[in-house]
Amino acid sequence: YANSVLQALYFCQPFRDLVCVTPDGRPLPEIPIASLPPQVALPSPPPKDPVPATPAGATPAAAAAAAAASLPRLPQSIFSALRALFLHISLNTEDKGMVSPSAFIAALKKENPDFRTSQHQDAHEFLNYLLNRVAEDVDENRTSTLVHGASTDSSAAPTFASATPASSPPATPPRPAQRPLPSGRPTLIQSLFEGQLTNETRCLACNTVSHRDETFLDLSIDIEPNSSVTACLREFSKGEMLLEDNRFKCDHCNEYCDAEKRMKVKTLPNILALHLKRFKYIEDANRNIRPTKLTYRVAFPLELRLFDTSDDAQNPDRLYELFAIVVHIGAGLAHGHYVTVVRTQGKWVLFDDDAVDVIKESDIMKYFGDAPGGQAYVLFYQ
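Conventions used here
- Along every chain, residues carry numbers that run from 1 in the direction the sequence is written.
- Given that this is a predicted model, residues contribute local features only at a pLDDT of at least 70 and side-chain atom pairs are listed and counted only at 80 or more, while totals for whole chains, interfaces and linings are drawn from all residues.
- Side-chain measures here rest on the full set of heavy atoms in the structure, leaving out hydrogens and waters.
- Put simply, DSSP marks the helices as runs of H or I at least four residues long and the strands as runs of E at least two long, and each gets a number from the N terminus on.
- Think of it in three bands: with a 1.4 Å probe and only protein chains considered, a residue is buried below 20% of the maximum accessible area for its type, exposed above 50%, and partly exposed in between.
- What makes two residues a contact is simply this: any of their non-hydrogen atoms within 4.5 Å.
- Only the protein chains shown count as cover for residues, with accessible areas throughout obtained via the Shrake-Rupley method and a probe of 1.4 Å.
- Side-chain rings of Phe, Tyr and Trp, where Trp is taken by its six-membered ring, are said to pair if the distance between their centres is within 6.5 Å; with planes under 30 degrees apart they count as stacked, over 60 as edge-to-face, and otherwise as tilted.
- We call a charge positioned above a ring when the Lys NZ or Arg CZ atom is no farther than 6 Å from the ring centre and deviates by at most 35 degrees from the ring normal.
- A side-chain nitrogen of Lys or Arg and a carboxyl oxygen of Asp or Glu constitute a salt bridge if their distance falls within 4 Å.
- Cysteine sulfur atoms are paired as a disulfide whenever they come within 2.5 Å of each other.
- By nonpolar core is meant a set of buried Ala, Val, Leu, Ile, Met, Phe, Trp, Tyr and Cys residues that side-chain atoms within 4.5 Å join together.
- Each patch is assembled from residues with relative accessible area greater than 30% and no salt bridge, linking like charges that lie within 9 Å and nonpolar side chains (Val, Leu, Ile, Met, Phe, Trp, Tyr) that lie within 5 Å.

## Regarding the overall build of the protein chain
Then step 1. The number of helices and strands found in the protein chain is eight helices and 18 strands.
Then step 2. When burial is assessed residue by residue, the protein chain has 47% of its 382 residues classed as buried.
Then step 3. Here the contacts in the protein chain between residues at least 6 apart in sequence split such that 69% fall between residues at least 24 apart.
Then step 4. By element, 50% of the accessible surface of the protein chain is carried by carbon and sulfur atoms, the whole surface being about 19000 Å².

Next comes the structure, spelled out in structure tokens:
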């Protein structure tokens, strides 16, 4: 579950670049993005172009290689462990080989007791925890540095369309809780993954529309048999009537009225993570509540546009391209296996822990569902 998410995030190039150039609180040289090699998953020779020298005379890559020559055994934080791991992978451009994320896992277990067992964990919950933890670590590092009289701003860091901070996705359907992200200047997590939803409620008596905004780092969507991500997103934004006992208290009418409620996207994220809700708790014949996996076939496109955006959404026709898929193999929540499919250097690559294989684009359809090879669980669009 950890490897699958780490592979997907590593091949999210804006995220990887920002992780590598963001200070992590350790006295290590900070590396400009321009000095980092391109994605290196496929067997290929190291870059032959010379790397520009730093003012001190040493190349940034050489300085980074010295800093990441050995991964820290006891990283200061989750973010520090992630940054060291990403730098280590980026700067070791051998044709073959692998790196064990043991230092990162040690930091993860140290920070969160939920991950200290050898039990199968949920990749989506891990992704949610990791993004929130990294956001907190970066904010703490920034605050600590500012207190000591220095700024952590990096002129080398790219800029992205801003996402307005707020809280969490809708209360229904149920999902792992997201912590409030750090306030103030957006962190790298907010600048990339954070979007905003708006709950629109229209009073049917006076037609007054009220709004309540909430943020999200990923969208969790219910799935149906033989459907598509587009259809699931349409259902996610489908209007709901509030009638009888569920009437809406209209501030304009000052009484409870029939109303129509719907969810729309107000701010589109730069990186869109879609969580397909394949695990569901049901009541069996013995009156026990148990989790079951939904292996429904759900088609997903390589290119995606979100619809049902709010009237004030910026660039509502933004085109997203699929770049990573976290796949779950197995019959249940408590056991199974995760693999990751990523797009890099114009090819699709399957990562199954230490096994790496180039696959055909047509093979992506295997992960729609109803197949022994596993079902898509989290989709990453950029």
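Structure shown, so let's carry the discussion forward.
## Section: unusual backbone geometry
Then step 1. In this model, Asn 207 sits at a positive phi of 65 degrees, which is unusual for a non-glycine residue.
Then step 2. Within the element layout of this structure, Asn 207 appears in the loop between strand E1 (195–203) and strand E2 (209–216).

## Concerning the packing of aromatic side chains
Then step 1. Scanning the entire structure with this criterion turns up 14 aromatic pairs.
Then step 2. Between Phe 115 and Tyr 129 the ring centres are 5.7 Å apart and the planes differ by 45 degrees, which places this aromatic pair in the tilted class. Taken together, the residues span a long stretch of sequence, with Phe 115 in the loop between helix H5 (102–111) and helix H6 (123–147) and Tyr 129 in helix H6 at a distance of 14 residues.
Then step 3. The buried category is assigned to Tyr 129, whose relative accessible area is 9%.
Then step 4. Feature note: the residues Tyr 10, Phe 11, Phe 15, Phe 86, Phe 193 and Phe 351 constitute an aromatic cluster, connected by ring pairs.
Then step 5. A cation sits over an aromatic face here: Arg 16 above Tyr 10, 4.7 Å from the ring centre.
Then step 6. Against the face of Tyr 256 rests Lys 249, its NZ or CZ located 5.6 Å from the ring centre.

## Some words on the pattern of salt bridges
Then step 1. Counted according to the given criterion, the structure contains twelve salt bridges.
Then step 2. Salt-bridge contacts for Lys 264 lead to Glu 200; the nearest nitrogen and oxygen are separated by 3.7 Å. Of this pair, Lys 264 sits in strand E8 (residues 259–267) while Glu 200 sits in strand E1, and the two are 64 residues apart along the sequence.
Then step 3. Residue Glu 200 is classed as buried on the basis of its relative accessible area of 12%.
Then step 4. In this structure, Arg 202 engages Glu 260 in a salt bridge whose closest nitrogen and oxygen atoms are separated by 3.1 Å. Taken together, the residues span a long stretch of sequence, with Arg 202 in strand E1 and Glu 260 in strand E8 at a distance of 58 residues.
Then step 5. Accessibility expressed as a relative area gives 29% for Arg 202, which makes it partly exposed.
Then step 6. Among the residues examined, Glu 260 registers a relative accessible area of 23% and is labelled partly exposed.

## Structural notes on the state of the cysteines
Then step 1. Applying the stated criterion to the full structure yields zero disulfides.
Then step 2. In this model Cys 253 remains outside any disulfide bridge; the closest cysteine sulfur is found in Cys 206, 3.5 Å from its own.
Then step 3. On the basis of relative accessible area, Cys 253 is assigned to the partly exposed category, the value being 25%.

## Some words on the environment of Lys 347
Then step 1. By secondary structure assignment, the location of Lys 347 is in strand E16 (residues 347–352).
Then step 2. Considering only alpha carbons, one finds Lys 347 and Lys 360, 13 residues apart in sequence, at a separation of 7.9 Å.

## Some details on the nonpolar core
Then step 1. Among the nonpolar cores identified, the biggest contains 52 residues, and Leu 9, Phe 15, Phe 104, Leu 130 and Phe 380 are the most heavily contacted of them.
Then step 2. Among the elements that make up this core, the one with the highest residue count is H6 (nine residues).

## Some thoughts on a nonpolar patch on the surface
Then step 1. A cluster of nonpolar residues, Leu 204, Met 241 and Leu 243, forms a patch on the protein surface that exposes about 250 Å² of accessible area.
Then step 2. Residue placement: Leu 204 occurs in the loop between E1 and E2.

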